[in-house]
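Below, each chain spelled out in residue letters.
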Amino acid sequence: MEQNPQNVSPFSSEQRNLYVVRHLEASMLQLLETKELEEITVRDLCSHAGVGRTSFYRNFRSRQDILIQIIRRLSGEWIPSGSDGTPSSFRNTVGCLFRHLEEQKEFYELLHRRKLTWLLKDALLEQFGYNPSQETAAAYSSAYAAFLVYGWIETWLDRGMQESAEDIVKLLP
């Protein structure tokens, strides 16, 4: 078919793909409100989002990948750095992270309610610079920091997010 102004989408393929991804993400979150992840099928997601299965598989390998992508996008909101681009202190990083968790409370409570907070681990490992090929002390130190914070997040969510981000930072040694 020859393209002309009447049959060409006004969106670029990148914009159309972003549209598909955002609709799949929104549908996943809406469906998770009433169903466990294991109960949500790709068919359910695509139907709810109004997109085809091909669109799903072009962007995601699994249903979990949708949540991982949301977490990766959101993690960009809490990654602090100094004004010169140098990494932030541990205390500042934890403070930024917990403020972010407060701001995105509904999303993280939903993950917690559905027992999916484990999906945060990779984002935390990345944030704290973990790389298994690092020198021994650095690898263990970064893993320690990431898992310490992950444990605090789990505890905070278990306790109903009672403490403020500032209260959490005050607990640090």
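Residues numbered from 1 in each chain as written. Predicted model: local features only at pLDDT ≥ 70, side-chain atom pairs only at ≥ 80, totals over all residues. Heavy atoms only, no water.

A. Looking closely at the nonpolar core. Ranked by internal contacts, the top residues of the largest apolar core, which has 48 residues, are L24, L67, F98, L124 and I153. At the level of elements, helix 1 (13–32), helix 2 (42–49), helix 4 (63–75), helix 5 (90–103), helix 6 (105–113), helix 7 (121–127), helix 8 (136–158) and helix 9 (165–170) are the ones that each hand at least two residues to this core. The element contributing the most residues to this core is helix 8, with seven residues. Sequence-distant contacts of F98, defined by excluding residues within four places in its chain, comprise V149, W152, I153, W156, A165 and I168. (Core = buried A, V, L, I, M, F, W, Y, C linked by side-chain atoms within 4.5 Å. Buried < 20%, exposed > 50% of the residue type's maximum accessible area, 1.4 Å probe, protein only. Helix = DSSP H or I, 4+ residues; strand = E, 2+ residues; numbered from the N terminus. Contact = heavy atoms within 4.5 Å.)

B. Local environment of the environment of E33. Positionally, E33 belongs in the loop between helix 1 and helix 2. Distance from E33 to R113, taken between C-alpha atoms, is 9.2 Å for residues 80 residues apart in sequence. Contacts of E33, omitting those with residues within four sequence positions, involve L110, R113 and R114. Among the polar contacts made by the side chain of E33, one reaches the side chain of R113 at a distance of 3.1 Å. (Polar contact = N/O pair within 3.5 Å; in protein donor to acceptor, adjacent residues only side chain to side chain.)

C. Structural view of the packing of aromatic side chains. Inspection of every chain in the model, using the stated rule, returns five aromatic pairs. Between F98 and W156 the ring centres are 4.9 Å apart and the planes differ by 70°, which places this aromatic pair in the edge-to-face class. Of this pair, F98 sits in helix 5 while W156 sits in helix 8; the two residues are 58 residues apart in sequence, bridging distant segments of the chain. Accessibility expressed as a relative area gives 2% for W156, which makes it buried. Between the aromatic rings of F107 and Y108, the centroid separation amounts to 5.0 Å while the plane-to-plane angle is 75°, which identifies the pairing as edge-to-face. When sorted by exposure, F107 lands in the same class as Y108, which is buried. Members of the aromatic cluster, joined through ring pairs, are F56, Y57 and F60. (Phe/Tyr/Trp six-rings, centres within 6.5 Å; stacked < 30°, edge-to-face > 60°.)

D. Highlighting a negative patch on the surface. On the surface, E77, E102, E103 and D167 cluster together into a negatively charged patch. Here E102 is to be found in helix 5. Residue E102 is classed as partly exposed on the basis of its relative accessible area, which comes to 32%. (Patch = residues over 30% accessible without salt bridge, like charges linked within 9 Å, V, L, I, M, F, W, Y side chains within 5 Å. Areas by Shrake-Rupley, 256 points an atom, 1.4 Å probe, with all protein chains shown as cover. Salt bridge = Lys/Arg side-chain N within 4 Å of Asp/Glu carboxyl O. Lys, Arg positive; Asp, Glu negative; His and termini not counted. Charge placed at Lys NZ, Arg CZ, Asp CG, Glu CD.)

E. Here's a closer look at the pattern of salt bridges. Taken as a whole and assessed by the stated rule, the structure comprises eight salt bridges. A salt bridge links E25 to R73, with the shortest nitrogen-to-oxygen separation between them at 2.9 Å. Here E25, found in helix 1, pairs with R73, found in helix 4; they are 48 residues apart in sequence, far enough to count as distant. With a closest N to O distance of 3.4 Å, R61 and D65 form a salt bridge. D65 gets classed as buried once you look at its relative accessible area, which sits at 14%. A cluster of three or more residues bridged by salt bridges with shared partners is formed by R22, E25 and R73.

Spatial relationships are all this shows, so hold off on functional conclusions.
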